[in-house]
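Take a look at the letters that make up each chain.
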Amino acid sequence: MAENVIVVGGGIVGTSTAYYLAKMGIHVTLIEAQDIAAGTSGACDRAIMLQSKAPGPMLQLGLHGARIYETLEDELEADLEYRRGGGMILIETEEEMTAIRELVERQRQAGLDIALLSGEQARELQPGLGAHLLGTTWWAGDAEVNPLKVCFAMAQAAQRAGAAIRMGSKVTALLSERGRVVGVEAEGKRTYADAVVVALGVWTPLLLRTIGVELPIVPRKGQILVSERVPAFVSHNILSGAYIAAKHRKDGGKEEAQNPAGVGLSLGQTGSGSLLIGGSREFVGFDLSTTPQVIRAIGQSAVRLFPKMAGMRVIRAFAGLRPYTPDGRPVIGPVEEWPGLYVAAGHEGDGIALGPATGRIMANLAIGRPAGCDVAPFALSRFTQ
Ligand SMILES: Cc1cc2nc3c(=O)[nH]c(=O)nc-3n(C[C@H](O)[C@H](O)[C@H](O)COP(=O)(O)OP(=O)(O)OC[C@H]3O[C@@H](n4cnc5c(N)ncnc54)[C@H](O)[C@@H]3O)c2cc1C
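**As for the pairing of strand 18 (residues 331-334)**
So, step 1. Sheet analysis places strand 18 next to strand 19 (residues 341-345), joined by 4 bridges and oriented antiparallel. Its bridge partner being in strand 19, Pro334 is matched across the sheet by Tyr342.
So, step 2. Hairpin connection between strand 18 and strand 19: a loop of 6 residues separates the two successive antiparallel strands, and Gly340 in this loop has a positive phi of roughly 95°.

In structure tokens:
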């Protein structure tokens with residue numbers, strides 16, 4: 001059993017993994033190139049939304065994650081702005097209605113008691129919705145959290161349990177001896193351990209390639225607008241049907257030609273009152289720039305769905321990189337051809353919801369314990385064999 005583990009990457013997946021390892025009494029070193037949450041976990045939305053997860057392994061992992069979140073503030077002794085306020089998917093067209101009906105049916109079979117509301121019922125529950133809406137879904141179990149607070153609280157709790165955290169330290173190589181990974185090199189310094197967990201989000205393939213392992217994780221950019229502070233405007237997680245279509249669409253299809261930047265509305269409100277108005281889904285490499293066309297398209301979709309937003313000021317925009325995989329599932333588990341090496345990455349637009357659950361699973365696997373749930377659907381071998 002591993003007694004000494006290195007975790008590379010200080011996003012939600014890496015900090016969660018480090019926390020659960022430290023809590024089990026394992027000697028952990030977390031190594032991060034910049035700062036905690038400097039990557040995608042610090043440039044994203046705040047939804048722990050289960051109704052948008054694909055039924056099957058992703059929904060199961062989501063349910064596991066949602067249960068962890070219910071008690072995480074007490075466990076970490078931190079305010080995470082966690083709130084279980086429910087969530088809705090907005091339906092504008094008959095085509096969307098058909099697709100969402102199917103999704104709801106499959107989610108109900110999987111145990112999520114999602115309701116389909118008429119436009120009128122939805123406007124009663126969420127004032128401000130456009131009059132043209134045909135309806136929405138509604139599930140009270142969806143929640144939200146401040147991702148930055150989760151990352152910092154996980155890192156601090158890991159430290160309290162004995163973990164060492166090295167920031168500003170970019171890992172440039174994985175060290176191997178006799179066919180096994182035995183440590184990492186960062187800033188010219190070599191550190192050895194019984195196991196190394198790579199949790200680098202979109203940057204994961206860059207480090208794994210140095211040891212000959214190819215992984216199909218690519219960045220999928222999302223742009224988000226931030227409004228001025230406003231009084232309570234939305235009390236739930238809100239996604240549009242177009243957002244769901246962009247999330248699950250196949251490349252090269254009709255929808256891609258009509259909406260190349262994958263714009264669809266996601267809306268949430270921060271603890272300080274700003275609205276986070278997303279988003280897009282774009283394959284443009286590691287480019288993190290925000291672009292006027294996409295910002296305009298996001299704004300237009302927001303005003304169409306919430307006409308009152310026309311008078312609101314947007315104070316800034318930012319972009320983050322979702323770690324996309326071709327089948328929409330993350331990679332969680334060992335690298336078969338390199339004993340001692342583990343990967344936890346590729347959570348696309350679900351990493352905040354799934355980060356703590358992934359950390360708990362990864363911590364078990366890295367020290368040779370049973371994962372605690374079925375991880376076969378997340379094995380790296382599905383891409384390498
Ligand atoms: C616009 C947008 C909206 C989103 N909204 C949601 C949402 O509402 N709900 C949800 O569940 N998910 C959402 N996501 C997805 C979620 O943000 C990601 O899946 C998650 O943050 C990925 O976390 P991670 O720990 O894998 O990667 P990251 O947070 O990117 O962490 C990787 C870390 O590795 C560090 N690093 C990189 N290279 C090295 C190196 N060589 N050595 C050491 N460190 C290195 C980076 O600095 C970074 O801190 C959204 C994403 C985007 C872009």
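**Topic: the domain arrangement of the protein**
Size of an interface, as often reported, equals the accessible area lost when the parts are brought together.
So, step 1. Taken domain by domain, the protein comprises domain 1 (4-46 + 148-216 + 327-384) and domain 2 (87-139 + 218-324).
So, step 2. A straight line from the C-alpha centre of domain 1 to that of domain 2 covers 30 Å.
So, step 3. Facing 13 residues of domain 1, the contacting portion of domain 2 comprises 16 residues.

**Things to note about the sheet that holds strand 14 (residues 237-240)**
So, step 1. Taken together, the 8 strands give an open sheet; going across it, the order is 5-6-4-14-15-16-13-17, and neighbouring strands pair in mixed fashion. Among the strands making up the open sheet, the edge pair consists of strand 5 (115-118) and strand 17 (314-324). In this sheet, neighbouring strand axes are inclined to one another by 25° on average, regardless of whether the strands run parallel or antiparallel.
So, step 2. Where strand 13 (residues 218-229) lies against strand 17, 10 bridges are found, and the strand directions are antiparallel. Bridging from a neighbouring strand, Ser227 pairs with Val314 of strand 17.
So, step 3. Across the sheet, helix 4 (residues 94-109) touches strand 4 (87-91), strand 5 and strand 6 (135-138), and the angle it forms with strand 4 is around 150°.
So, step 4. Contacts from helix 10 (residues 292-305) reach strand 4, strand 13, strand 14, strand 16 (274-278) and strand 17 within the one sheet, and its direction differs from that of strand 13 by about 55°.

**Some details on unusual backbone geometry**
So, step 1. Cis geometry is found at the peptide bond from Gly278 to Gly279, where omega equals -10°.
So, step 2. By secondary structure assignment, the location of Gly279 is in the loop between strand 16 and helix 10.
So, step 3. Notably, Ala37 is not glycine yet its phi reads approximately 60°, a positive angle.
So, step 4. Structurally, the position occupied by Ala37 is in the loop between strand 2 (27-31) and strand 3 (47-48).

**Some remarks on helix 10**
So, step 1. For helix 10, with 14 residues, the first-to-last C-alpha span of 20 Å sits near the 20 Å given by 1.5 Å per residue.
So, step 2. Inspection of helix 10 places Val294, Ile298, Ser301, Ala302 and Leu305 among the buried residues, and these make up the whole buried set. Taken down its axis, helix 10 places every buried residue within 100° of arc, on the same side. The outward face of helix 10, more than 90 degrees from its buried face, is lined by the exposed residues Pro292, Gln293, Arg296 and Gln300.
So, step 3. On its buried face, helix 10 sits against strand 4, strand 13, strand 14 and strand 16.

**A short note on the site of the ligand**
So, step 1. Lining the immediate environment of the ligand, one finds 43 residues, of which Gly11, Gly39, Gly201, Gly222 and Gly351 sit closest.
So, step 2. It is strand 17 that contributes the most residues to the shell around the ligand, 4 residues altogether.
So, step 3. Its residues placed into classes, the shell around the ligand shows 20 nonpolar, 16 polar and 7 charged.
So, step 4. Each of domain 1 (4-46 + 148-216 + 327-384) and domain 2 (87-139 + 218-324) contributes no fewer than three residues to the shell around the ligand.

Parameters at a glance
Per chain, residues are indexed from 1 in the order of the written sequence. Local features are withheld for residues below a pLDDT of 70 in this predicted model, meaning they are given only at 70 or higher, and side-chain atom pairs are given and counted only at 80 or more; totals for whole chains, interfaces and linings count all residues. Strand pairing follows a simple DSSP-based rule, namely that at least 2 bridges must link the two strands. What counts as a helix is a DSSP run of H or I of at least four residues, what counts as a strand is a run of E of at least two, and both are numbered from the N terminus. Source of the domain bounds: an automatic or database domain assignment. Residue pairs qualify as contacts under a 7 Å threshold applied to their C-beta atoms, which are placed from the backbone. Every axis corresponds to a line fitted to the C-alpha atoms, with the helix fit spanning only the stretch in contact, and the corresponding angles, defined between N-to-C directions, vary from 0 to 180 degrees. Expected span of a helix: the number of residues minus one, times 1.5 Å. Three exposure classes are used, all based on how many other C-beta atoms lie within 10 Å of a residue's own C-beta (placed from the backbone): buried at 20 or more, exposed at 12 or fewer, and partly exposed between those limits. This arc describes the spread of directions from the helix axis toward the C-beta atoms. Throughout this description, a residue near a molecule or strand is one whose C-beta atom, derived from the backbone, lies within 6 Å of it. Residues are grouped as follows: Ala, Val, Leu, Ile, Met, Phe, Trp, Tyr, Cys and Pro are nonpolar; Asp, Glu, Lys and Arg are charged; every other residue, Gly included, is polar.

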